[in-house]
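# Breakdown of the fold
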Amino acid sequence: MGNSLFANCCRHVTDLIFQTRSFNSPDERSPLLPKPPMSCAVCPEVPEAAQCAGLYPDIIPSEAVAGSLQKCTEHIQDLSKAKDDEGRVTVCDVSRLRPRIGSAGPLREAEASCAVAVLPADLGEGPVGLVDHAQSLEARQSCVKLEDSSLAHRSCRRAEHVAAADGGDAAPGARPAGWGHGEGRAALHLDAALAGPDSVPKCRGTALSPGSPATPSSALPASAGKTPLAQQTVVPTVPPGEVPSKARDKSTGFVVTGPAACPGGRSSCDPGSQAQALSSKQQQKKRRKKKKLTLLEHPSGVALMNGSGPHESLKGEKDARQNGHEEADPGEDGNDQEVIVIQDTGFTVKICAPGIEPFSLQVSPQEMVQEIHQVLMDREDTCHRTCFSLQLDGNVLDNFAELKTIDGLQEGSLLKVVEEPYTVREARIHVRHIRDLLKSLDPSDAFNGVDCNSLSFLSVFTEGDLGDSGKRKKKGAEMEQIDCTPPEHILPGSKERPLCALQPQNRDWKPLQCLKVLTMSGWNPPPGNRKMHGDLMYLYVITVEDRHVSITASTRGFYLNQSTAYNFNPKPANPSFLSHSLVELLNQISPTFKKNFSALQKKRVQRHPFERIATPFQVYSWTAPQAEHAMDCVRAEDAYTSRLGYEEHIPGQTRDWNEELQTTRELPRKNLPERLLRERAIFKVHSDFTAAATRGAMAVIDGNVMAINPSEETKMQMFIWNNIFFSLGFDVRDHYKDFGGDVAAYVAPTNDLNGVRTYNAVDVEGLYTLGTVVVDYRGYRVTAQSIIPGILEREQEQSVIYGSIDFGKTVVSHPKYLELLEKTSRPLKIQKHKVLNDKNEEVELCSSVECKGIIGNDGRHYILDLLRTFPPDLNFLPVEGEEMPEECKKIGFPKQHRHKLCCLRQELVDAFVEHRYLLFMKLAALQLMQQKANKQESSGVLENGASPENGTADSEKSESEDGKIDDNVTGLDQVKELAETIASDDGTVDPKSREVIRNACKAVGSISDTSFDIRFNPDIFSPGVRFPESSKEEVQDQKQLLKDAAAFLLSCQIPGLVKDCLDHTVLPMDGATLAEAMHQRGINMRYLGKVVNFITKTPGRAQLDHIFKIGISELITRSAKHIFKTYLQGVELSGLSAAISHFLNCFLSSFPNPIAHLPADELVSKKKNKKRKNRNLGNADNTAWASMTPQELWKNICSEAKNYFDFSLECENADQAAEVYNLQKITLLREISLKTGVQILLKEYNFDNRHKPTFTEEDILNIFPVVKHVNPKASDAFHFFQSGQAKVQQGFLKEGCELINEALNLFNNVYGAMHVEICACLRLLARLNYIMGDYSEALSNQQKAVLMSERVLGIEHPNTIQEYMHLALYCFANSQLSTALNLLYRARYLMLLVFGEDHPEMALLDNNIGLVLHGVMEYDLSLRFLENALAISSKYHGSKSLKVALSHHLVARVYESKAEFRSALQHEKEGYTIYKNQLGEHHEKTKESSEYLKYLTQQAVALQRTMNEIYKNGSNANIMPLKFTAPSMASVLEQLNIINGILFIPLSQKDLENLKAEVQRRQQLQESIKSGEQLEPEDKAMEEKEAEPSMPSAEIPLTQSSA
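Here's what I pulled together on the structure shown here. Owing to the predicted nature of the structure, the values given are computational and were not obtained by experimental measurement.

Analysis parameters
- Residues numbered from 1 in each chain as written.
- Predicted model: local features only at pLDDT ≥ 70, side-chain atom pairs only at ≥ 80, totals over all residues.
- Heavy atoms only, no water.
- Helix = DSSP H or I, 4+ residues; strand = E, 2+ residues; numbered from the N terminus.
- Buried < 20%, exposed > 50% of the residue type's maximum accessible area, 1.4 Å probe, protein only.
- Pairing = 2+ DSSP bridges.
- Axes fitted to C-alpha atoms, helices over the stretch in contact; angles between N-to-C directions.
- Contact = heavy atoms within 4.5 Å.
- Parallel < 35°, antiparallel > 145°, perpendicular 65-115°, else oblique.
- Nonpolar A, V, L, I, M, F, W, Y, C, P; charged D, E, K, R; others polar.
- Expected span 1.5 Å × (residues − 1).
- Phe/Tyr/Trp six-rings, centres within 6.5 Å; stacked < 30°, edge-to-face > 60°.
- Salt bridge = Lys/Arg side-chain N within 4 Å of Asp/Glu carboxyl O.

### Here we look at the environment of Gly790
Following the sequence through the fold, Gly790 ends up in the loop between strand E17 (780-786) and helix H24 (796-799). The buried category is assigned to Gly790, whose relative accessible area is 3%. Placed 68 residues apart in sequence, Gly790 and Asp858 show a C-alpha to C-alpha distance of 8.2 Å.

Structure below.
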């Protein structure tokens, strides 16, 4: 395997440094957008978002000392004057924050943050600066296709910087990974990607406009490069045209930049940390005497942060810190680990390219020449060049040199673009690039699920009028021309559910045709004599004007030759139009090409970057329009060259996945920069590995890979492709005979994958897992794994040195493995235990017996077969002679399942342990209190505490005590203290207290007597595993614990889930979101039948209608999926579309007897079939599928639901199912397609036609794999995100906002620009921007969130629907009314398709639509939506809820606008009654309602008077003008905010004090009950806060955290 370390090292580094993602994604080598001409000082398109950043006051200046705060944050002085006393400038060198060249313009949007990052040093409390480029950052993320042999030596030069780059075109302009080596500093490079794109460009532009007075002085000279800046130096976001203004508080002499006084840097506000910062500053001085330091003084008296005064450091981060990463002990990393800011002044160079005017480009000394290449290849006017060099004064620049190393390159230097001679490689790259430019708007890759492209339709609905361009519309004029009428199918009550609207035709997709054909000529390769004339290859082109031409690519460029389709004549034609670029040649021979190509490039550069960046994992679309299949030479070439795993541009060999996966894990992780780099490398390699494994698995099933054991029968074959090992999910050597045979073999891979996930998450140094991906494709399950070095050369028996290869007969152990696994046992709750092997010797293990340990030839300790990492689920594992607890027996457990590998989920284990911990604390507290109160009685209670046999008695008991204990928080504190003292083994604890803890431990089943520690033995009840006599008692305890856990799932988790659904804290909308909600609570999908049964028995059954419907459709589609899987295994490739359409007809069509179309006979040769029997993975009879009937299928579905889920479906066909359970067939179609990977044609399907089947084989377009893989996490970013959420919950919005911005930067750094978690971050950020009054910034962030959700989760994922709703609200606030309506209509359509109308979210959506329509005076339409919302709210929230009262009020307002006062009065009265009953007479809401009633009554009386007057006096009546008011936008917005749960609360100083006290009190309370269970009052607060803006100040949850 290891032919030479050198080659390995090269390839490895190369892979990591250069993205090796896709070849033909639309922007192959482009960093996204062309650079705007930099000659102008301010970046031309500064998103309007940024213009208003930070100019709005916070709502709650929570704990601010108002006076000094204001003084600090005024924008006073201009940058050039902001000097400190010695005249040195104290501003973070703004210039360095501009987006880097590689990332060019797009970063403004492509990265999604909106404030400059300030990263705490290792999240600890050391000095902090603006983190920037690492000085010796060579591992550049260039979005280049690395096909360069010169790279090998370069990567070796830098082998020490093994850095991982993002998928270059995956996230063009993504953040270069960097770590600093020089001078022992760890410097983190966060480029513009991190430092919010929105804010950054302005700072850049303003600070460095070549002519501005600030230029030279504002940027520190490079010699002062390594200045550590104190935390407060923050560059604010500045509106364009202003210089970043600096506020300077003269009295104290320190500078504060911008309103965001002290972001991210909680600690800097406390004087203690100040001292630390200064001392480290001195150490730094010693290290580098020459550098000047500008450190800001920080008087301790001033509370800088909006919120935390002195000494109040990270309150909200308590949770994050327990994670161990957080508190970097100042002594731990010492000075070496400070994050150091490297300041290098950016400068402008002039670029002179042939054929266009010279233009300026701003660059940074950190960049490589390579990155300027990228920009040129993406700019509209230079994008057609690929083969050129950059020259300075006649010297060619080395592509991989950093700009600062080039002599003579300075401000204003002229770089010449010089055309270079082509080689075959360069010519191919050129053709490929041109083809990518021609295809850049073509969505076919997204529909075909290739190269991580996916769909987005947002721009169709916004018509590009978000952000700047939206402002150009005349706001006033907008009112008249809005057409508000929604399409018919969106109106409430409509029954039709069209499918075509799901993927509206995007105007840009009708691509401007530039050429009819561009393909490789059949005359390739050139014969020897032509090679010697410089011919490299021949192309064949048909222009739109229908001219057929042959083109020669030669070393000098491209020219026309005289060949035709049948005659080879390589001589140049006359004229030959020799041009260096193919585009220039085509421009000359085809006027249409010239016109359309330039129009196409204009469009390309206008698209939002998020529409073009590749996603980290492929997303497949279940519908697609009919696409014409165009000729495409590059696609054809890619399909048939042995393009294994994107590795053709890596010199020499395929990627060694195992080596890459393990090396990235070994990267250092001592501090934040290192961890970021490591996580990013891990993430990158995982997403590449997943893509390669998916392609390989499809190739295996399609029969395109040769087996390594070809002589064995098909099911037993194994495959190796591209250094990945593939095996099929069948029970090959009766391995799983005792566990359920093939069924067990099918589920083992997913269990194993879950094990890999968990061990990866625990991340113990020295313990390695295999890269694992599980792919379901065409009815087969394929496991793809990376290969342990050396394992193929030896027998498994010799290799395994830990664990067992025969499920527990022979077992071995190994001290090193025990030591490594011991470290995982605490987080994974696994107990170390002894088992007997076949010789009756005791063997100690710290995992299940099947977990095998193998030391690879690389000396690493691997563990594999982690399928039983978690304890067995006894509800599905009946064991002879074992009694299950009562709760289980009541519900009919234990129940025989079809395999014996059922495990509890990790979430369940964690919830159970937490539940037990709470119990432990309560028992101990109770006993301590009783000891105090009455020493004589204590012994009786102890018996009582230890007596319960199963968990229920414990939990019932604990609930009765709840009341007692909450009053006595001190009791719990004592227990905690006591437990800690005992654990630390002090002799000081008196025996009585020891006794208390011991009893509590025993009662909850802890494995230790002195502290709470619950662990599970995964081998209990495992067939074939025997335990020694000595551990008999321990095994008994473990069995009891497992029974308790099984009972806990049924008695706590399922009811808990249903309660959350009743409270609407969990709102699943489709099968996937329901599954996610169940999984979060540790409930496996096999309990689905039980959950649905539980719902039917719940008192508030009607309020759970939506959950019931989702549950039933999930039962049906999952059962159908199980049948479909075995059905497909019997189909050969030629019959695939016929078989799938036949299955769907049987499943969904009302047509009683669909007939399958077998492939036409003349294609099926009898002889051939006999020979090939062996190749087909399925049954011998390949036409058995054709005989299936709808009756038979539905009978099987019902029996499958009964056997697997233990649920009895009452339906015999699709029509009955739809009727009995009120399901939509289109929803069932979506669910089954997503679960099986089927892609169908986008057209209207008539399911109810009884005369012809719904689907034909033409309707089945494709079948995609369904892929399960590991999702590596960005841990630090996640802690930031959580602390940010916590801050927001406590009402510290500014700090919350800063932390979340921070999280966003870190997420971007690890994941690239596209990821689900970045999406959540953006949504929360937009919400905060909105609450803090920055509407345009909110709009900009939310737009990114919507685009990202569409691209990463899918265009109709429930999450995307919610993002659309938020975006509509922010559009309305930005007075883009028609856009807001379009977005709401889109959301409503999607929800109708995904679920139907009868869903609690639909009430919110309809209220939003109704309010906006009310605002544009469409009263009748508005009423239709609002009354529908009222009906749904009454159903799901009960007719007495505050939500319903609000709904009545909204309807009343519309009736008032229509002057129908009687109806208005009727509704407002209903609302008033609810308020009075719920809140009492004196509540503000009740008063408001009664005022409004009075007003309505007056209006009604006035109207009546007028009418009477008219009747009496006829036409000459003296009519009083009546007041009919159109609602003001402000009032509509106010109502929109209320229904969306956004509250603005005007608070007085006194309220603030109370709030502060309340928050602190709650925190103390929460900390004392550290169990993590939220306080009960919050549920009530949830309901009220949505419907009610004015709450007593003690209960203000500020925003509903929607993330």
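### Points about the sheet that holds strand E10 (residues 548-554)
On the basis of which strands lie adjacent, the open sheet formed by 4 strands has the order E8-E9-E10-E11 and antiparallel pairing. With one partner strand each, in any of the chains shown, strand E8 (515-520) and strand E11 (557-561) form the two edges of the open sheet. Each strand axis lies, on average, 30° off the axis of its neighbour in the sheet, ignoring direction. The sheet contact formed by E8 and strand E9 (residues 535-543) spans 5 bridges and is antiparallel. If you follow Thr519 over to E9, its bridge partner there is Tyr540. Sheet strands touched by helix H18 (residues 582-589): E8, E9, E10 and E11. Its angle to E11, the strand with the most contacts, is close to 35°.

### Digging into the packing of helix H22 (residues 672-701) against helix H42 (residues 1293-1311)
Here H22 crosses H42 at 45°, and the two axes come no closer than 7 Å. Considered as vectors, H22 and H42 are oriented oblique to each other. In contact with Leu676, Glu679, Arg680 and Phe683 of H22, H42 contributes Leu1306, Asn1309, Val1310 and Tyr1311. Its residues placed into classes, the contact of H22 with H42 shows 5 nonpolar, 1 polar and 2 charged.

### A look at helix H44 (residues 1335-1352)
In this model H44 runs 25 Å from its N-terminal to its C-terminal C-alpha over 18 residues, within 8% of the 26 Å that 1.5 Å per residue would give. Where H44 terminates, the next one or two residues include Gly1354, which has phi positive at roughly 125°.

### Describing the packing of aromatic side chains
Taken as a whole and assessed by the stated rule, the structure comprises 35 aromatic pairs. Centroid distance Phe617 to Phe683: 5.9 Å. Interplanar angle 80°. Geometry classified as edge-to-face. With a gap of 66 residues between them, Phe617 in the loop between helix H19 (591-606) and strand E12 (623-624) and Phe683 in helix H22 connect regions that are remote in the sequence. Centre to centre, the rings of Tyr802 and Tyr817 are 5.5 Å apart; their planes meet at 25°, and the pair counts as stacked.

### Structural notes on the pattern of salt bridges
Inspection of the entire model under this criterion finds 68 salt bridges. Lys852 is paired through a salt bridge with Asp865; the nearest N and O atoms lie 2.7 Å apart. Note that Lys852 is positioned in strand E21 (residues 852-855) and Asp865 in the loop between strand E22 (861-864) and helix H26 (886-890), a separation of 13 residues in sequence. Since its relative accessible area comes to 3%, Lys852 is described here as buried. Within the structure, one salt-bridge network assembled from shared partners comprises Asp1070, Glu1114, Arg1118, Arg1230, Glu1231, Lys1235 and Glu1356.

### Here's the deal with the packing of helix H33 (residues 1071-1080) against helix H35 (residues 1105-1129)
It is at 9 Å that the axes of H33 and H35 come closest, and there the two elements cross at 100°. Comparing the axis directions of H33 and H35 gives the class roughly perpendicular. Contact residues: H33 offers Gly1071, Leu1074 and Ala1075, while H35 offers Ile1107, Ile1110, Gly1111, Glu1114 and Arg1118. The residue inventory of the contact of H33 with H35, partitioned by class, reads 4 nonpolar, 2 polar and 2 charged.

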